[in-house]
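Close look at the chain arrangement
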Amino acid sequence: MSDPKTRLIQTAVRPLADDAEMQLAATHLLGKLVIPHPENAEQAIQRWDVVDAKKRKPVWRMALWVLLVAVSAGVGVRDFRDSIRYMKWMRGAMVGGYMKSRSPGKYSIKGAWIARWS
């Protein structure tokens, strides 16, 4: 088993695992600063492990992304349906006869007014 000083330093630099340069610099600095045989090193290591075990990923971030995707999908579907409806209305207007045979749609001022008050 390794000495308490080495284990203490390894435990301290564990969060820097994704940045090798920072981990090496912190290991070097702690190697100079830590007393060669600390009496309470085991207690410090145990406390550090307990604190690291309690860390959890923030759930609110994932919930925020799910909410953003759901709202965006709803708005996208609504806009897609409206654009399809508008394209059909325009195609009918260009072909002719479509506007005379149908009541005013939601895209004309008169149709919007009638839809609002009926």
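Here's what I pulled together on the structure shown here. (Residues numbered from 1 in each chain as written. Predicted model: local features only at pLDDT ≥ 70, side-chain atom pairs only at ≥ 80, totals over all residues. Heavy atoms only, no water.)

**With respect to the overall build of the protein chain**
Looking only at helices and strands, the protein chain has six helices and zero strands in total. Order of helices (α) and strands (β) in the protein chain, N terminus to C terminus: α-α-α-α-α-α. For the protein chain, with 118 residues in total, the buried portion stands at 15%. The contacts in the protein chain between residues at least 6 apart in sequence include a share of 47% that link residues at least 24 apart. (Helix = DSSP H or I, 4+ residues; strand = E, 2+ residues; numbered from the N terminus. Buried < 20%, exposed > 50% of the residue type's maximum accessible area, 1.4 Å probe, protein only. Contact = heavy atoms within 4.5 Å.)

**Some thoughts on the pattern of salt bridges**
Taken as a whole and assessed by the stated rule, the structure comprises three salt bridges. The salt bridge involving Asp79 is made with Arg78; its shortest N-O contact spans 3.1 Å. Of the residues examined, Asp79 reaches a relative accessible area of 38% and is grouped as partly exposed. What makes Arg78 partly exposed here is its relative accessible area of 44%. Across the pair Arg85 and Asp82 runs a salt bridge whose closest N-O atoms are separated by 3.6 Å. (Salt bridge = Lys/Arg side-chain N within 4 Å of Asp/Glu carboxyl O.)

**Points about the packing of helix 1 (residues 4–12) against helix 3 (residues 41–54)**
Working note: a packed helix pair is described by the angle between its axes plus the distance between those axes. At a minimum axis separation of 9 Å, helix 1 and helix 3 run at an interaxial angle of 20 degrees. With respect to helix 3, the element helix 1 is oriented roughly parallel. Crossing handedness for the pair helix 1 and helix 3: left-handed. Within the contact between the two elements, helix 1 uses Pro4, Arg7, Leu8, Thr11 and Ala12 and helix 3 uses Ala41, Glu42, Ala44, Ile45, Trp48 and Asp49. Partitioning the contact of helix 1 with helix 3 into residue classes produces seven nonpolar, one polar and three charged. (Axes fitted to C-alpha atoms, helices over the stretch in contact; angles between N-to-C directions. Parallel < 35°, antiparallel > 145°, perpendicular 65-115°, else oblique. Left-handed = near helix turned anticlockwise from the far one by under 90°. Nonpolar A, V, L, I, M, F, W, Y, C, P; charged D, E, K, R; others polar.)

**Describing a nonpolar patch on the surface**
On the surface, a cluster of nonpolar side chains totalling about 510 Å² of accessible area is made up of Trp60, Leu64, Leu67, Val71 and Val75. Here Leu64 is to be found in helix 4 (residues 59–95). (Patch = residues over 30% accessible without salt bridge, like charges linked within 9 Å, V, L, I, M, F, W, Y side chains within 5 Å. Areas by Shrake-Rupley, 256 points an atom, 1.4 Å probe, with all protein chains shown as cover.)

**Details of helix 1**
Turning to helix 1, its buried residues are Lys5, Arg7, Leu8, Ile9, Thr11 and Ala12. Where helix 1 is buried, its residues meet helix 2 (20–33) and helix 3.

**A short note on helix 3**
Spanning 14 residues, helix 3 covers 20 Å between terminal C-alpha atoms, matching the ideal 20 Å at 1.5 Å per step. Inspection of helix 3 places Ala41, Ala44, Ile45 and Asp52 among the buried residues, and these make up the whole buried set. Down the axis of helix 3, the smallest arc covering the buried residues is 100 degrees, so these residues share one side. Residues of helix 3 that are exposed and point over 90 degrees away from its buried face: Gln43, Gln46, Arg47, Ala53 and Lys54. On its buried face, helix 3 is in contact with helix 1. (Expected span 1.5 Å × (residues − 1). Arc of directions from axis to C-beta.)

**Quick word on the nonpolar core**
Residues Leu8, Ile9, Val34, Ala44 and Ile45 constitute the largest nonpolar core, which totals five residues. Every element with two or more residues in this core is listed here: helix 1 and helix 3. (Core = buried A, V, L, I, M, F, W, Y, C linked by side-chain atoms within 4.5 Å.)

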